[in-house]
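# Fold and contact review
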Amino acid sequence: MTPPLIEVENLRIDLDNGSSRVAAVEGVSFRIDRGETFGLVGESGCGKSISALALIGLLRRPLSIGAGAIRFEGREIQGLPAAEQRALRGNRIAMIFQEPMTALNPVSPVGRQIAEMFVLHQGKSWREANQLAVEALASVRVPAPERRVKDYPHQLSGGMRQRVMIAVALACGPDLLIADEPTTALDVTVQAEIIELMRNLCAERGTAILMISHDLGLVANLCRRVAVMYAGRIVEERGSDDVFRACAHPYTQGLVDALPRLGTRAALGRSRLREIAGVVPAIADFPAGCRFNPRCARATDICRTTAPEMTLLGQDGFVRCHHHA
């Protein structure tokens, strides 16, 4: 059988707090096939972004990979020599970071930042790379790309900076695009344009996407499969239709219930939106048993003492809950 494009198996990411090491992410497993769009959702602090950084070898102290495997096209990529990691990162696996204003170099024109990808990964001359940078900006629908290549990040709007980030990420035609909150701080119209742009470009090139987002509507619309992450563990993974319409885990149900719905009193501002009581615990304070138990209305004694095992749901889904729906 053809191996998945990328496969993560029992990934653990450790945090060294000086006196001890604690697991920030634990037992995370998923796979993404070629051309597939896979969603990873959950509240801030659940471990989504650091899991993504681990895939491309960008974890920095005090974080480090403690256990598990990360295989790209069936090949283990942890521990590769630095030169091989650089050849993979940006070329075969690319990432759109949360905030383009901090991810882009503020003292370098955006055109040069795109051109660097062609020079480093494809051996182009700077003359060729600069022309390709103009074409890359045009492909992400930046108006007047011949002029915009000379602009610095601070001269662009938030939507334009995000388009530049997408151009950088897609410059070399990667096989996997990691999109970490690609529409953060953008207005709804620009969000829709960015998502449609990503969808079309990746459909044309056959690029797989790992979409990390708080926006459940966006993920439901874009992704075929979705994993729900809480406190460093994946608690549910299913097809996007199933995970949002027939939630098995109470945390997933809480996320869905918190969505505003057109026509409801909450959406009209006449009552409070529903919310999940409490907050995601700090890494050093993860509770015993099911990590969601302090916030869960279904919790019983077993939830407070024993971590739930994986229960299969259909052919390609699972949930970790003692009392799943």
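Every value quoted in this text rests on a predicted model; they were computed, and no experiment measured them. (Residues numbered from 1 in each chain as written. Predicted model: local features only at pLDDT ≥ 70, side-chain atom pairs only at ≥ 80, totals over all residues. Heavy atoms only, no water.)

### So, the overall build of the chain
What counts is decided by this rule: Strands here mean DSSP runs of E at least two residues long; helices mean DSSP runs of H or I at least four residues long; both are numbered from the N terminus. Atoms counted for the radius of gyration: C-alpha only. Globule rule: 2.2 Å times residue count to the power 0.38. The rule is simple: take the accessible area with a 1.4 Å probe, protein chains only, and divide by the maximum for that residue type; under 20% is buried, over 50% is exposed, in between is partly exposed. Contact criterion: two residues are considered in contact whenever any of their non-hydrogen atoms come within 4.5 Å of each other. Residue burial considers only the protein chains on display, and all accessible areas are found by Shrake-Rupley using a 1.4 Å probe. The charge count treats Lys and Arg as positive and Asp and Glu as negative. His and the chain ends do not count. For charged residues, the charge sits on one atom: NZ in Lys, CZ in Arg, CG in Asp, CD in Glu.
Looking only at helices and strands, the chain has 12 helices and 12 strands in total. Taken against the 2.2 N^0.38 rule, which gives 20 Å for 325 residues, the C-alpha radius of gyration of the chain at 21 Å falls within 12% of a compact globule. Taking the principal axes of the C-alpha coordinates as reference, the chain spans close to 65 × 50 × 45 Å. Counting over 325 residues, the chain shows a buried share of 48%. A separation of at least 24 residues holds for 64% of the contacts in the chain among residues at least 6 apart in sequence. Entry remark: accessible area of the chain is about 15600 Å², with carbon and sulfur atoms responsible for 51%. Charge separation in the chain, taken as the distance between the mean sites of 38 positive and 35 negative side-chain charges, equals 2 Å.

### Some words on the sheet that holds strand β2 (residues 21-32)
The condition that has to hold: Two strands pair if DSSP finds at least two bridges between them. Angles run from 0 to 180 degrees between N-to-C directions of axes, and those axes are lines fitted to C-alpha atoms, restricted for helices to the stretch in contact.
Taking strand neighbours across the sheet as the criterion, the four strands line up as β2-β1-β4-β5 in an open arrangement whose pairing is antiparallel. Two strands close off the open sheet at either side, each with one partner strand: β2 and β5 (75-76). Pairing between strand β4 (residues 63-72) and β5: two bridges, direction antiparallel. Across the sheet, residue Arg-71 finds its bridge partner in β5, namely Glu-76. On the sheet, helix α1 (residues 48-55) packs against β1 (6-16), β2 and β4 and is oriented at approximately 115 degrees with respect to β1.

### Comments concerning the environment of Asp-215
Where we set the bar: Polar contact is defined as a pair of N or O atoms within 3.5 Å, subject to the rule that within protein one atom must be able to donate a hydrogen and the other to accept it, and that residues adjacent in sequence are counted only when both atoms are side-chain atoms.
As for its placement among the helices and strands, Asp-215 is situated in the loop between β8 (208-213) and α9 (216-222). As a C-alpha pair, Asp-215 and Ala-288 span 73 residues in sequence and 29 Å in three-dimensional space. In terms of polar contacts, Asp-215 uses its side chain to reach the backbone amide nitrogen of Gly-217, at 3.1 Å. A polar atom in the side chain of Asp-215 sits 3.0 Å from the backbone nitrogen of Leu-218.

### Comments concerning the nonpolar core
The criterion, for reference: Only buried residues count toward a nonpolar core. Its members are Ala, Val, Leu, Ile, Met, Phe, Trp, Tyr and Cys residues joined through side-chain atoms within 4.5 Å.
Judged by nonpolar contacts, the single largest core of 65 residues is most densely connected at Ile-114, Ile-166, Met-198, Met-211 and Tyr-251. Sort the elements by how many residues they give to this core and helix α7 (residues 158-170) lands first, with eight residues. Those residues in contact with Met-211 that sit more than four places away from it in its chain are Phe-38, Gly-39, Leu-40, Ala-179, Pro-182, Ile-195, Met-198, Leu-218, Val-219, Leu-222 and Cys-223. By size, the runner-up hydrophobic cluster in this structure holds 35 residues, among which are Val-28, Leu-63, Ile-77 and Leu-210.

### Examining the sheet that holds strand β9 (residues 225-230)
The strand order β6-β7-β8-β3-β9-β10-β12-β11 describes an open sheet built from eight strands, whose pairing is mixed. Whereas interior strands pair on both sides, the edge strands pair on one side only; in this sheet they are β6 (93-96) and β11 (311-313). Neighbour-to-neighbour, the strand axes of the sheet open up by a mean angle of 25 degrees, direction not taken into account. Pairing geometry for β9 and strand β10 (residues 233-239), over six bridges, is antiparallel.

### Some points on the environment of Gly-159
Within the element layout of this structure, Gly-159 appears in helix α7. As for Gly-159 and Pro-100, which are separated by 59 residues in sequence, their C-alpha atoms are 9.5 Å apart. The residues contacting Gly-159, other than those within four sequence positions of it, are Leu-186, Val-190 and Ile-194.

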